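A look at the structure
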Amino acid sequence: MPRVVVSRRVHFNAAHRLWNPRWSEAENARVFGVCANANFHGHNYNLDVSVAGDIDADTGYVMDINRLKTIVNECLVRHLDHKNLNLDVPWFRDLNPTAENIVVVAWRVLEPAVKPARLARIRLWETERNYVDYDGT
Ligand SMILES: [Zn+2]
């Protein structure tokens, strides 16, 4: 049975501040640069969610991509879009909202929701040139 990966790209805008509360202001500024700005800053994030599985004999789908779109929007994007990740989103109350941590949170939220399909990879684009990948390991 051919195993195929199906992907959906979603978009959200969010603000954040990268900050380690155990460090001084100077140390935070040294490590995080402008991302440590006290008044936050925004990103236009893109998130590519990929699921893998067998092609269903009846539908010809691995997963109805419309269902994937709905799951990603309902479970994840609506909690992040136009939010301040540090202040508005409980997932990041005690977690630095780096691209790395955002993609791991996305995985934890989406993995149970896409069943019986299986998440294969999530790629989070923080800028046009910078992205992080997570495969659940
Ligand atoms: Zn940033």
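What you are looking at is a predicted structure, and each value in this text was computed from that prediction instead of being measured.

Rules behind the numbers
Residues numbered from 1 in each chain as written. Predicted model: local features only at pLDDT ≥ 70, side-chain atom pairs only at ≥ 80, totals over all residues. Heavy atoms only, no water. Pairing = 2+ DSSP bridges. Helix = DSSP H or I, 4+ residues; strand = E, 2+ residues; numbered from the N terminus. Contact = heavy atoms within 4.5 Å. Axes fitted to C-alpha atoms, helices over the stretch in contact; angles between N-to-C directions. Donors = N, O, S within 2.8 Å, 3.2 Å for Na, K, Ca; no water. Buried < 20%, exposed > 50% of the residue type's maximum accessible area, 1.4 Å probe, protein only. Salt bridge = Lys/Arg side-chain N within 4 Å of Asp/Glu carboxyl O. Expected span 1.5 Å × (residues − 1).

**Section: the sheet that holds strand β5 (residues 131–134)**
Read from one edge to the other, the open sheet built from 5 strands follows the order β3-β1-β2-β4-β5, with strand pairing classed as mixed. Of all strands in the sheet, those bounded by a partner on one side alone are β3 (83–84) and β5. Here strand β2 (residues 41–54) runs beside strand β4 (residues 118–125); their pairing, made up of 7 bridges, is antiparallel. The residue bridging L47 from the neighbouring strand is L124, located in β4. Relative to β4, helix α4 (residues 99–110) is tilted by about 150°, and along the sheet it contacts β2, β4 and β5.

**Focus on the coordination of the zinc ion**
Those protein atoms acting as donors to the zinc ion are H16 (NE2), H41 (NE2) and H43 (NE2), and they sit at 2.0 Å. When the donor residues of the zinc ion are listed from N- to C-terminus, their spacing reads H-x24-H-x1-H. With a relative accessible area of 13%, H43 lands in the buried category.

**Some points on unusual backbone geometry**
Of the consecutive residues K115 and P116, the connecting peptide bond is found in the cis state with omega at 10°. Within the element layout of this structure, P116 appears in the loop between α4 and β4. At H82, a residue that is not glycine, the phi angle is positive and equals roughly 60°. Judged by its relative accessible area of 60%, H82 is exposed.

**Examining the pattern of salt bridges**
Tallying each qualifying case throughout the model produces 6 salt bridges. Salt-bridge contacts for E27 lead to R30; the nearest nitrogen and oxygen are separated by 2.9 Å. One end of the pair, E27, and the other, R30, are both in helix α1 (residues 25–32), 3 residues apart, so they sit about a helical turn from each other. For E27, a relative accessible area of 28% translates into the label partly exposed. With a shortest N-O distance of 3.5 Å, R78 and E74 are connected by a salt bridge. Of the two residues, R78 and E74 are both situated in helix α2 (residues 65–80); the distance of 4 residues between them amounts to about one turn of the helix. Residue classification places E74 among the partly exposed residues on the basis of a relative accessible area of 45%. Connected via shared salt-bridge partners are R121, R123 and D133.

**Brief notes about the pairing of β5**
Alternating positions in β5 separate cleanly, V132 and Y134 being buried on one face and Y131 and D133 remaining unburied on the opposite face. Bridge count for β4 against β5 is 4 bridges, and the pairing is antiparallel. Directly across from L124, in β5, lies its bridge partner V132. A loop of 5 residues connects β4 with β5, the two strands running antiparallel in sequence.

**Some words on the side chain of H43**
Within the secondary structure, H43 sits in strand β2. Residue contacts for H43: discarding those within four places in its chain leaves F12, N13, A14, H16, E126 and T127.

**Observations regarding α4**
With 12 residues, α4 ought to run about 16 Å at 1.5 Å a step, and its terminal C-alpha atoms sit 16 Å apart, in line with that. Counting buried positions along α4 yields 9 of 12 residues, so the element is predominantly enclosed. Three or more residues of α4 are buried, namely A99, I102, V103, V104, V105, A106, W107, V109 and L110. Looking at the buried side of α4, the elements it contacts are β2, α2, α3 (85–88), β4 and β5.

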